[in-house]
Amino acid sequence: STGEGLGITTKVTLTEMDTPIGYAAGNALEVLESIETLRGYGPADLEELVCVQGGILLHATGLVESIEEGAHRIHDSLIDGSALSKFEEMCIAQGVSPSVFSSERVLLEAIGLLDSTLLSTEFTAVESGWVSDIDAMALGQVVPELGGGRKQLGDEIDRGVGFVLDAHIGSQLQVDENWITIYHREPLSETHRKSIKDALTLSEGMVNPNQRIIEIL
């Protein structure tokens, strides 16, 4: 009502947030995943949110006749390369060197993912099964404790730390198969290790992932 009271067309998107969106968390890792999405190779759930919410914006500004048409136009821009091109233009306009986009290695170096001081630890499944839950809150609390977020105003953010999932809801895992990789600077504490291990829940039967979007109001 506040937005509409100001004459702004307003929509609310209710989304499922119990499990991590996409596969990456942490500043640089999320930037890389976002670029992959702009290239048309992003995670399905993240792409769904981008297309639908982008479609809502296009419809609100009158550029399309329906949210569905807007979502299709956003999806087309991911596939045909125009979304990535516009992102590169925006970055260059803000002072980023065009050479950053010249190769994958230069891009990774620019966002800090080739830092030799960055450690990685893989966690594997202790039993076979289908992934039925990944506790987004538990994993989300680990990242800032590793330096990937601010606990208070003024804290420095370590842009390289975070995690990348190798499995998601509905994935089948075998014993000792990797399901998550943590990127960190210092050795992981036992508390962190337990939080990460406990974040994964497996089921004996197949699990179908739910759509991210619950309702559009």
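Definitions and cut-offs
Residues numbered from 1 in each chain as written. Predicted model: local features only at pLDDT ≥ 70, side-chain atom pairs only at ≥ 80, totals over all residues. Heavy atoms only, no water. Helix = DSSP H or I, 4+ residues; strand = E, 2+ residues; numbered from the N terminus. Buried < 20%, exposed > 50% of the residue type's maximum accessible area, 1.4 Å probe, protein only. Contact = heavy atoms within 4.5 Å. Areas by Shrake-Rupley, 256 points an atom, 1.4 Å probe, with all protein chains shown as cover. Lys, Arg positive; Asp, Glu negative; His and termini not counted. Charge placed at Lys NZ, Arg CZ, Asp CG, Glu CD. Core = buried A, V, L, I, M, F, W, Y, C linked by side-chain atoms within 4.5 Å. Pairing = 2+ DSSP bridges. Expected span 1.5 Å × (residues − 1). Salt bridge = Lys/Arg side-chain N within 4 Å of Asp/Glu carboxyl O. Phe/Tyr/Trp six-rings, centres within 6.5 Å; stacked < 30°, edge-to-face > 60°.

Visitor: Describe the overall build of the chain, and please don't skip the residues or the numbers.
Guide: On a plain count of helices and strands, the chain comes out with 8 helices and 9 strands. With the principal axes as the frame, the chain shows a C-alpha extent of 55 × 45 × 35 Å. The buried share of the chain, reckoned over its 217 residues, is 38%. In the chain, once contacts between residues fewer than 6 apart in sequence are set aside, the share between residues at least 24 apart is 72%. On the chain, roughly 12900 Å² of surface is accessible, and the fraction owed to carbon and sulfur atoms is 52%. Of note, the chain has its 13 positive side-chain charges centred 6 Å away from the centre of its 35 negative side-chain charges.

Visitor: Let's hear about the nonpolar core: which residues, and what values?
Guide: Among the nonpolar cores identified, the biggest contains 27 residues, and W179, I180 and I196 are the most heavily contacted of them. Among the elements that take part in this core, helix α7 (residues 136-148) stands out by supplying 5 residues, more than any other. Once residues lying within four places of it in the same chain are set aside, the contact partners of I180 are T121, E122, F123, L139, F163, V164, L165, D166 and I196. Core analysis: the second largest hydrophobic core is formed by 19 residues, I35, V64, A83 and V100 among them.

Visitor: Describe the sheet that holds strand β3 (residues 119-124), naming the residues involved and giving the relevant values.
Guide: Whenever strands of a sheet pair, they do so through backbone hydrogen bonds, lying parallel or antiparallel. Strand order in the open sheet formed by 4 strands is β2-β5-β7-β3, with antiparallel pairing between adjacent strands. Two strands in the sheet have a free side with no partner beyond their single neighbour: β2 (24-25) and β3. Of the strand pairs in this sheet, β3 and strand β7 (residues 178-184) are connected by 6 bridges, and their pairing is antiparallel. In the strand pairing of β7, F123 is matched with I180.

Visitor: Tell me what's going on with helix α4 (residues 67-80), and back it up with residues and numbers.
Guide: If you check α4, its first and last C-alpha atoms are 20 Å apart, about what 14 residues at 1.5 Å a residue would give, namely 20 Å. Summarising the contacts, the buried residues of α4 are in contact with α2 (27-38), α3 (44-60) and α5 (82-93). A positive phi of about 90° marks G81, the residue just after α4.

Visitor: Outline the pattern of salt bridges, supporting the account with residue identities and numerical values.
Guide: In a structure, side chains of opposite charge can pair up when their charged atoms sit close to one another. The full count for this structure, using the stated rule, is 8 salt bridges. Residues R185 and D115 are paired through a salt bridge, measuring 2.9 Å at the closest nitrogen-oxygen approach. Remark: D115 occurs in the loop between α6 (104-110) and β3 and R185 occurs in the loop between β7 and α8 (190-198); sequence separation between them is 70 residues. For D115, a relative accessible area of 32% translates into the label partly exposed. The shortest N-O distance in the salt bridge between R185 and D158 comes to 2.7 Å. Remark: D158 occurs in the loop between α7 and β5 (162-165) and R185 occurs in the loop between β7 and α8; sequence separation between them is 27 residues. By relative accessible area, which is 25% here, R185 ends up partly exposed. Look at D158 and you get buried, because its relative accessible area is 18%.

Visitor: So what about the packing of aromatic side chains? Which residues, and what values?
Guide: Scanning all chains against the criterion turns up 1 aromatic pair. Both rings, one in F87 and one in F101, keep their centres 6.3 Å apart while their planes meet at 85°; by these two values the pair is edge-to-face. Taken together, the residues F87 in helix α5 and F101 in the loop between α5 and α6 connect sequence positions 14 residues apart. Judged by its relative accessible area of 22%, F101 falls in the partly exposed class.

Visitor: Quick one: what's the story with the sheet that holds strand β4 (residues 129-134), residue by residue and with numbers?
Guide: Strand order in the open sheet formed by 3 strands is β6-β4-β8, and the pairing between neighbours is antiparallel. One side of each edge strand has no neighbouring strand; the edge strands of this open sheet are β6 (172-173) and β8 (200-203). Note: β4 against β8, 4 bridges, orientation antiparallel. Counterpart to V131 in the pairing with β8 is L202.

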